[in-house]
Structure formats: structure tokens, C-alpha cells
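So the chains spell out like this:
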Amino acid sequence: MNRLEQYYTGDEEWKRFSDLYRNTTGSIIVSELENILKDRSVANVIAGILGNSSIDWIYKKVPALDNLRPVDCMYDPALKKRLRTMLMRMDL
């Protein structure tokens, strides 16, 4: 079965990508997301892409994550890669 984490391009690519969203740092949404997810880079990207709907979104089942919730992906290294891959593909 193909899983998104198989297409993860690596931590260096994630860093370059997430750096594009550093300007969201300091927002209330980013602070809330970081408290929940325990990862500032993921919080910045989610807030940058989804804005005000970010907090609600992390608790919803996402088909691209095999119906896992984004918040659930943060506790397993493979699932975290799956979430990061999906976020990089969502970028507008």
C-alpha cells in the first residue's frame, strides 16, 4: 500500500519549505497550535496554509492522511512524515 510518508523528501526539504511560513510566528493561532502539536514548524505551516480554521482542522479526520487527524500524526515519526508530505503538497 502506498502511504504519503514514502514520498517524504527529507528534513532538509521540510526545513526549506517550513521556513517560507516563519512570518506566521507569533500569531495566537501558531502559539495554540504549537502548544498542542509540540512542533513550531508544523504549527507555522498549518497556520500559514489554513489560517483561522487551523485549530478545528487538526482535529478532523483527513482523507489524505488515511482518515487520521493531523494531531494524531504528531506522535509517530512515520505519521509525522505523512503529515509533512501532505502539507507540502497542499501549499498554494
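These figures come from a predicted structure and were not determined experimentally.

Overview of the overall build of the chain
The helix and strand inventory of the chain stands at five helices and zero strands. Listed N to C, the secondary structure of the chain is α-α-α-α-α in terms of helices and strands. In terms of overall dimensions, the chain has a C-alpha envelope of 40 × 25 × 25 Å along the principal axes. Out of the 92 residues in the chain, the part that is buried amounts to 40%. Intrachain contacts of the chain at a sequence separation of at least 6 include 50% that bridge at least 24 residues. For the chain, the accessible surface area stands at approximately 5400 Å², while carbon and sulfur atoms represent 50% of it. Of the charged side chains in the chain, 14 are positive and 13 negative, and the gap between their average positions amounts to 2 Å.

A closer look at the packing of helix α1 (residues 11-19) against helix α3 (residues 40-50)
Running from N to C, α1 and α3 point in directions that differ by 50°, and their axes come no closer than 9 Å. As the angle between them shows, α1 and α3 are arranged oblique. Relative to α3, α1 is oriented so that their crossing is left-handed. Taking contact as the criterion, the partners of W14, F17 and S18 in α1 are, on α3, S41, V42 and V45.

Quick look at helix α5 (residues 77-90)
A rise of 1.5 Å per residue sets the reference length of α5, with its 14 residues, at 20 Å; its end C-alpha atoms lie 20 Å apart and thus fit the reference within 8%. Considered for burial, the residues of α5 that qualify are L79, R82, L83, R84, T85, M86, L87 and M88. If you follow the buried residues of α5, they end up packed against α1, α3 and α4 (54-57). Of the residues that open α5, the one with a side-chain oxygen 2.9 Å from the backbone nitrogen of A78 is D76.

Cut-offs applied
- For every chain, the first residue of its written sequence is number 1, and the numbers climb from 1 along that sequence.
- Given that the model is predicted, a residue must reach a pLDDT of at least 70 before its local features are reported, and side-chain atom pairs must reach 80 or more before they are shown or counted; all residues, however, enter totals for whole chains, interfaces and linings.
- Hydrogens and waters are ignored; side-chain quantities use all the structure's heavy atoms.
- Per the convention used, a helix needs a DSSP run of H or I reaching at least four residues, while a strand needs a run of E reaching at least two, with both numbered from the N terminus.
- Whether a residue is buried, partly exposed or exposed follows from its accessible area with a 1.4 Å probe, protein chains only, as a fraction of its type maximum: under 20%, in between, or over 50%, in that order.
- Throughout, a contact is declared for two residues whenever any of their heavy atoms are within 4.5 Å.
- In short, Shrake-Rupley with a 1.4 Å probe defines the accessible areas, and a residue's cover is counted only from the protein chains shown.
- Residues scored as charged are limited to Lys and Arg (positive) and Asp and Glu (negative), so that His and the chain ends carry no count.
- Where a charge lies is defined by one atom per residue type, namely NZ (Lys), CZ (Arg), CG (Asp) and CD (Glu).
- Helix axes are fitted to C-alpha atoms over the stretch in contact, other axes to C-alpha atoms as well, and angles between N-to-C directions run from 0 to 180 degrees.
- Our angle categories are set so that under 35 degrees counts as roughly parallel, over 145 as roughly antiparallel, 65 to 115 as roughly perpendicular, and the remainder as oblique.
- The handedness criterion is simple: a crossing whose near helix is rotated anticlockwise from the far helix by less than a right angle is left-handed, and one whose near helix is rotated clockwise is right-handed.
- The span you would expect from a helix comes to 1.5 Å times its residue count less one.
- Polar contacts, as counted here, are pairs of nitrogen or oxygen atoms within 3.5 Å of one another; within protein the pair requires one atom able to donate a hydrogen and one able to accept it, and residues that are adjacent in sequence qualify only if both atoms are side-chain atoms.

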